[in-house]
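# Structural characterization, general
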Amino acid sequence: MKEIKAVFIDIDNTLLDFDGYVIEAMKNGFLKYGIGEYKDGMSEVFQRVNNELWKSLEKGEIDFMTLRAIRWNKVFDILGLSFDGVEFEKYFRKYLHESAITIEGAYELLSYLKRKYIVCIASNGPHIQQTHRIELADMDKYIDYYFTSEKMGVSKPKEEYFKKCFNSLNENRDIKILPEETIMIGDSLTSDIYGAKEFGMRTILIERGNEVNKGYLNNADYTVYNLLDIIKLLEE
């Protein structure tokens, strides 16, 4: 793939395994608080609730504080469990801060990207949490810029998010990097692909069968099924 100067890449379920973390956190948290035994399928309830809330967040219908206040209460209501969701949210976020379960092929991909492009993290989430997790995974040596929604003051897929990313990317550059000279890599059609494509960036969807993508047209420029396929694609 020619003329690419910078690559934007998501974190959760792209570089780090958020779904795997959720299962681990629920198993340990249920044991820690005596909530009950974790059973297969419980994490799917969380994923469904979480995806619905993130869609509302992306549309500007709720903010992070609201998401955190209601997320686990909704999950526990559906599961028929009695526990303070706000308390479990505190545990969940603290546990997430120290989680760095990597996706297969992540190191190989980042090493390849670093040799050829400017590498930018593009993630919706708290800045310190997301940068810390990348550091825990020993991936920070590959990253040139961190564009988290908290740092930008706005979330993907909003146009303002990408505007602020490019303003930061092009600060002090005599020759500006244009959207068409960049590519966005992520697992979410709504958060990663739609906003980037609308802004003029090229896009690569990592298809993992995510619930969040159901019901949406896949309009990504390219679709891959594992991270190593991206290297093959970029070398074409």
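Here the structure is a predicted model, which is why all the values come from computation and not from measurement.

Another aspect to go through is the packing of aromatic side chains. Overall, the coordinates contain 28 aromatic pairs when judged by the stated rule. Where Y145 meets F147, the ring centres are 5.6 Å apart and the plane angle is 25°; that geometry is what we call stacked. F147 gets classed as buried once you look at its relative accessible area, which sits at 0%. We note K32 situated over the ring of Y33; from NZ or CZ to the ring centre the distance is 5.4 Å.

With that settled, the discussion passes to the pattern of salt bridges. Using the criterion set out here, one finds eleven salt bridges in the structure. Ionic pairing is found between E181 and K5, a salt bridge with its closest N-O pair at 3.2 Å. Residue E181 is located in the loop between α8 (159–169) and β4 (182–186), and its partner K5 is located in the segment before β1 (6–9); the two are separated by 176 residues in the primary sequence. For E181, a relative accessible area of 16% corresponds to the buried category. Looking at K5, the relative accessible area reads 34%, which means it is partly exposed. Residue D192 pairs with K156 through a salt bridge whose shortest N-O separation is 2.6 Å. With D192 in helix α9 (residues 189–198) and K156 in the loop between α7 (149–152) and α8, this pair connects stretches of sequence that are 36 residues apart. For K156, a relative accessible area of 1% gives the class buried. Within this structure, D10, K156 and D192 form a network of salt bridges that share partners.

As a further point, take α9. Of all the ten residues making up α9, seven are buried; the element is thus mostly covered by neighbouring parts of the structure. By the burial criterion, the buried members of α9 are L189, T190, S191, D192, I193, G195 and A196. Next to the buried residues of α9 lie α2 (42–58), α8, β4 and β5 (202–206). A positive backbone phi angle near 100° is found at G200, which sits one or two residues after α9.

Turning our eyes to something else, we now look at the pairing of β4. By the criterion of burial, β4 is predominantly enclosed, with five of the five residues buried. Taking every second residue as pointing to the same face, both faces of β4 are buried, with T182, M184 and G186 on one and I183 and I185 on the other. In this sheet, β4 lies alongside β1 in parallel orientation, the contact comprising four bridges. Opposite I9, over in β4, you have I185 as the bridge partner. Where β4 and β5 come together, four bridges link them in parallel fashion. Bridge pairing in β5 links I183 to R202. Following the backbone out of β4, through α9 and into the adjacent parallel β5, one traces a crossover that is right-handed.

Cut-off values and rules
Residues numbered from 1 in each chain as written. Predicted model: local features only at pLDDT ≥ 70, side-chain atom pairs only at ≥ 80, totals over all residues. Heavy atoms only, no water. Phe/Tyr/Trp six-rings, centres within 6.5 Å; stacked < 30°, edge-to-face > 60°. Buried < 20%, exposed > 50% of the residue type's maximum accessible area, 1.4 Å probe, protein only. Lys NZ or Arg CZ within 6 Å of the ring centre and 35° of its normal. Salt bridge = Lys/Arg side-chain N within 4 Å of Asp/Glu carboxyl O. Helix = DSSP H or I, 4+ residues; strand = E, 2+ residues; numbered from the N terminus. Contact = heavy atoms within 4.5 Å. Pairing = 2+ DSSP bridges. Right-handed = clockwise from strand over helix to strand, strands pointing away.

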